[in-house]
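So the chains spell out like this:
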Amino acid sequence: MRSSLFSSVSTKDFFTATAMSLSICGTITLAIWIGWRMHINLDLFNWEFDIYAASENDALISHLAKDLEFDFNYSSHCLTNNTNSTDVREAIGACEVLNHVVQKQQWCPAVVGVIDVMSALCCTFMLQAHSGVKRRVSTAEGMLSEQEAQGAARLQAVLKRSLLVVMAIAAIAYAAASTAGSAGIFSQAFYAFGVGGIVTIFGYVYVETDQALLHKLLTQTRFGKIVMQVLRNEWMRAFVVCSFSFGIPTMLLLDRLRQNVRRLRFPNETDIDKFTPAGRRVINELRTWHWSMILRKADIFSVITILLFVGLKGTYVFFSWLNYFLLAAQLDLVAISSLVFAVGLLMFMLPIVPGTAVYLFSGVVLGFYSTSNGLHFGVGIAVGAVLASVLKHVACTGQYFIGYLAGKSVHVQRFVGVDKVPTRAMEMILNKRGFALGKVCILVAGPDFPTSVLCGILKLNIPQMLLGTTPVIVVSIIPQVAVGALLTLPGNEEYSALATVFAFVIQVLATLYVSYRILKTAEENLQSLSQYREEHAQVAELTRRERSYTRKFLEVSSWAKLPIHIKGLLVTTSGILWSAAFVLVIDFMSAQKLCFRRFSMTDRIDDDFASGGLGGNWWNIVLQPLGSIVLVSTLVAWLGHGFVGMWLDRVTRRNLLLQVGSDTLDSPVPSPCDDMAEAAEQPPRPAAIVIKEPDPDDS
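What this report covers is the structure whose coordinates are included nearby. (Residues numbered from 1 in each chain as written. Predicted model: local features only at pLDDT ≥ 70, side-chain atom pairs only at ≥ 80, totals over all residues. Heavy atoms only, no water.)

### A word on the overall build of the protein
Counting its secondary structure elements, the protein contains 30 helices and zero strands. Across the protein, contacts joining residues at least 24 apart in sequence account for 76% of those joining residues at least 6 apart. Counting only carbon and sulfur atoms, one obtains 64% of the accessible surface of the protein, whose full area is about 34,700 Å². (Helix = DSSP H or I, 4+ residues; strand = E, 2+ residues; numbered from the N terminus. Contact = heavy atoms within 4.5 Å. Areas by Shrake-Rupley, 256 points an atom, 1.4 Å probe, with all protein chains shown as cover.)

Following this line, the structure appears as structure tokens:
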């Protein structure tokens, strides 16, 4: 609409009207929804009305009952404790679908209202930096003119805010998955909002900026160099491929259809190219990408996603078994706390186990222990919070030493990029003493294991690291322990929801501020962060010694030179791994599970399926046949990934040995995680231009 129907309207007027419309619609929708919930004498987070609405939804009940061999009744089949009934067991799927649809019916207005308000805030945030950004400039190479410098300053502010909005939207999607996973409607809505919001921001930058000015900004300014360094990184390109696998071919298909329509409307004015000029630029850019390495890095992103979902399910099964084992042992409070501490510390040392799972486990075990032994419910929460807090700091120290020992390897140092600007910017922030906000946000909002390990690799001060981690007690540990304890008590959904929302908001805000702080630090200290450092001499020497190997590896792995069977294997393994990760994401968000049965750490493995258990066999958490297909195909595809890596290494070494006058071969087998493209020689770039923005708040 912006690029067609309202192209003649100024940017300020268009987005001001959009922000006002969205804010008014969102506010009215939320007000009506809240008034409706209050009118029926139910609290906002009370689920009694959902149960009532489900029992009265005759049309949906009739639709679900058509495949059942008995008369389906919501009250008798979904709200009963008689799990030994055959009818109840057969009606489990129908009850889950019915509850999920009713929750969507009741909560969709609230979600729509919240997303409208958030979209209005994004428009307002972007407008603060926009003031006549789109203007004609000369396309000649060289220094920016005075007029171009003014436009570039405004455009730079727009790009900064666009990056921050993208990071905020990504943080919303991540936080929705990690803290609100029990509420499927919220996870689905915020995932959709995240993908749609990121695409919208990219479209906004494309429509509202002058391409010639954007090119000069990205090639001749400090900020532009930082952005281009990120965009040219193969890890970032692999992430884009994983995130928009369907989006890229869909966009090109629509662009080709658009060009065909143009040919029909303007046969004498349209270019003979199959794509529009914009689509052709995208294709030309994609052709410059090193696709074999990008696909291999995309494989790693897919495998990490698969491990996180599988690891989370496995963690819940293990914690469920351990929870009831500890309670059956009838230990005293000191003994059970000691065992929870030991198990939690072991789980913290596993990279795929999130810290929230450990906090929830502490709350579940100690909360249930306190109520079942005549203690006040708050005692279990207090003991669990103190235990989890000490556990978190001890685990951070252990993870730090893992990173410290691993950091003695020059290959590990090169892998994390200790000589790169982004990593050095994070190091500068983390080296600040006390409770510096940027430092605290990194240590609190960052993933538990990777963050502490990175601190060890960078050899940061341990007491200062632990001091910066301390606020996690308030923003994450206490809320998550409370949620775990409340899971053992029925009828406390509203308090559990409030604690989850609090953790969700803190996660989003902290991630947003971390992104801003790293970007700001990298831009303000680009020169000093780019300088040679003596402590990184071994990394530079390793890169120099492996330069001949790296060049030959890039040459051998060039897409045009790969044999057809290796190309086919690369595409096949990437497609399988990405599809497996995609199916697991859908399974996580869907009410009807595809791969893994719904199971929480408060459920019992020995209970039957109708009671939420696994029928006495932990492997029953994997749904057949799709669950086993995903796991087996992932293993097979990863073996194929390893075969391609060994083939590339063998061919590279053989070609180096055959090369006359080649450098001394002193390079190990490259990890698929090594960023080969960064080691290649880059063409010289123009000197950076420092642009002062018109308003310091724009940064």
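### Remarks on helix H21 (residues 448–457)
Count 3.6 residues to each turn of an α-helix, and residues three or four apart come out pointing the same way. Along H21, nine of the 10 residues are buried, which leaves the element largely enclosed by surrounding structure. Where H21 is concerned, the buried positions are Asp448, Phe449, Thr451, Ser452, Val453, Leu454, Cys455, Gly456 and Ile457. Trailing H21 by a residue or two, lysine 459 shows a phi angle of about 60°, which is positive. (Buried < 20%, exposed > 50% of the residue type's maximum accessible area, 1.4 Å probe, protein only.)

### Section: the packing of helix H16 (residues 355–372) against helix H17 (residues 377–406)
Where H16 contacts H17, the axes come no closer than 8 Å and their chain directions differ by 150°. Viewed along their axes, H16 and H17 adopt a mutual orientation that is roughly antiparallel. H16 and H17 meet at a crossing whose hand is right-handed. On H17, the residues touching Val358, Tyr359, Ser362, Leu366, Gly367, Ser370 and Thr371 of H16 are Phe377, Gly380, Val383, Gly384, Leu387, Ala388, Leu391 and Lys392. (Axes fitted to C-alpha atoms, helices over the stretch in contact; angles between N-to-C directions. Parallel < 35°, antiparallel > 145°, perpendicular 65-115°, else oblique. Left-handed = near helix turned anticlockwise from the far one by under 90°.)

### Things to note about a nonpolar patch on the surface
On the surface, Phe246, Phe582, Ile586, Leu594, Leu626 and Ile629 cluster together into a nonpolar patch covering about 510 Å² of accessible area. When residues of the nonpolar patch are traced back to their parent elements, those giving at least two are helix H28 (564–589) and helix H29 (626–658). (Patch = residues over 30% accessible without salt bridge, like charges linked within 9 Å, V, L, I, M, F, W, Y side chains within 5 Å. Salt bridge = Lys/Arg side-chain N within 4 Å of Asp/Glu carboxyl O.)

### Digging into the packing of aromatic side chains
Taken as a whole and judged by the stated rule, the model has 13 aromatic pairs. Measuring from ring centre to ring centre gives 6.1 Å for phenylalanine 348 and tyrosine 359, while their planes differ by 55°; the resulting arrangement is tilted. Of this pair, phenylalanine 348 sits in helix H15 (residues 333–348) while tyrosine 359 is found in helix H16, placing the two residues 11 residues apart along the sequence. When the ring of tryptophan 618 is compared with that of tryptophan 619, the centres are 5.7 Å apart and the planes differ by 85°; the resulting orientation is edge-to-face. Taking the relative accessible area as the measure of exposure, tryptophan 618 reaches 54% and is therefore exposed. Residue class for tryptophan 619 comes out partly exposed when judged on its relative accessible area of 38%. One aromatic cluster is present, built from ring pairs that chain together Phe318, Phe319, Trp321, Phe325 and Phe361. A cation sits over an aromatic face here: arginine 604 above tyrosine 324, 4.4 Å from the ring centre. (Phe/Tyr/Trp six-rings, centres within 6.5 Å; stacked < 30°, edge-to-face > 60°. Lys NZ or Arg CZ within 6 Å of the ring centre and 35° of its normal.)

### Quick look at helix H12 (residues 247–265)
For H12, built from 19 residues, the straight-helix expectation of 27 Å at 1.5 Å per residue is met to within 8% by its first-to-last C-alpha distance of 27 Å. Listed in full, the buried residues belonging to H12 are Ile248, Leu252, Asp255 and Gln259. Each buried residue of H12 sits inside an arc of 60° when the element is viewed along its axis, so together they form one side. Facing away from the buried surface of H12 by more than 90 degrees, the exposed residues are Leu253, Leu254, Leu264 and Arg265. Tucked into the core, H12 has its buried residues touching helix H13 (277–287). (Expected span 1.5 Å × (residues − 1). Arc of directions from axis to C-beta.)

### With respect to the packing of helix H27 (residues 547–556) against H29
Their axes nearest at 9 Å, the elements H27 and H29 cross at an angle of 120°. Between H27 and H29, the crossing angle belongs to the class labelled oblique. The element H27 and its partner H29 pack so that their crossing is right-handed. Within the contact between the two elements, H27 uses Ser548, Tyr549, Lys552, Phe553 and Val556 and H29 uses Leu648, Asp649, Val651, Thr652, Arg653, Asn655 and Leu656. Per-class residue counts for the contact of H27 with H29 are six nonpolar, three polar and three charged. (Nonpolar A, V, L, I, M, F, W, Y, C, P; charged D, E, K, R; others polar.)

### Some thoughts on the state of the cysteines
Enumeration according to the criterion identifies zero disulfides in this entry. Counting only cysteine sulfurs, cysteine 396 is the nearest neighbor of cysteine 455, a cysteine outside any disulfide, at a range of 8.2 Å. (Disulfide = S-S within 2.5 Å.)

### Considering the nonpolar core
Within the largest apolar cluster, 31 residues are counted, with the highest numbers of intra-cluster contacts made by Phe319, Leu326, Ile336, Val358 and Phe361. Broken down by secondary-structure element, the contributors of at least two residues to this core are helix H14 (291–328), H15, H16, H17, helix H20 (437–445) and helix H23 (472–486). The biggest single contributor to this core is H16, with nine residues. Discounting chain neighbours no more than four positions away, the residues touching phenylalanine 361 are Phe319, Leu322, Asn323, Leu326, Val340 and Met601. Formed by 29 residues, the second largest nonpolar core is a distinct cluster that contains Cys441, Leu443, Leu454 and Val514. (Core = buried A, V, L, I, M, F, W, Y, C linked by side-chain atoms within 4.5 Å.)

### Regarding the environment of aspartate 448
Checked against the element boundaries, aspartate 448 lands in helix H21. With 99 residues separating them along the chain, aspartate 448 and methionine 349 place their C-alpha atoms 9.6 Å apart. Residues in contact with aspartate 448, not counting those within four places in the same chain, are Phe348, Pro354, Gly355, Tyr359, Lys392 and Gln399. Polar side-chain contacts of aspartate 448 include one of 3.2 Å to the backbone nitrogen of glycine 355. Side-chain polar atoms of aspartate 448 contact the side chain of lysine 392, separated by 2.7 Å. (Polar contact = N/O pair within 3.5 Å; in protein donor to acceptor, adjacent residues only side chain to side chain.)

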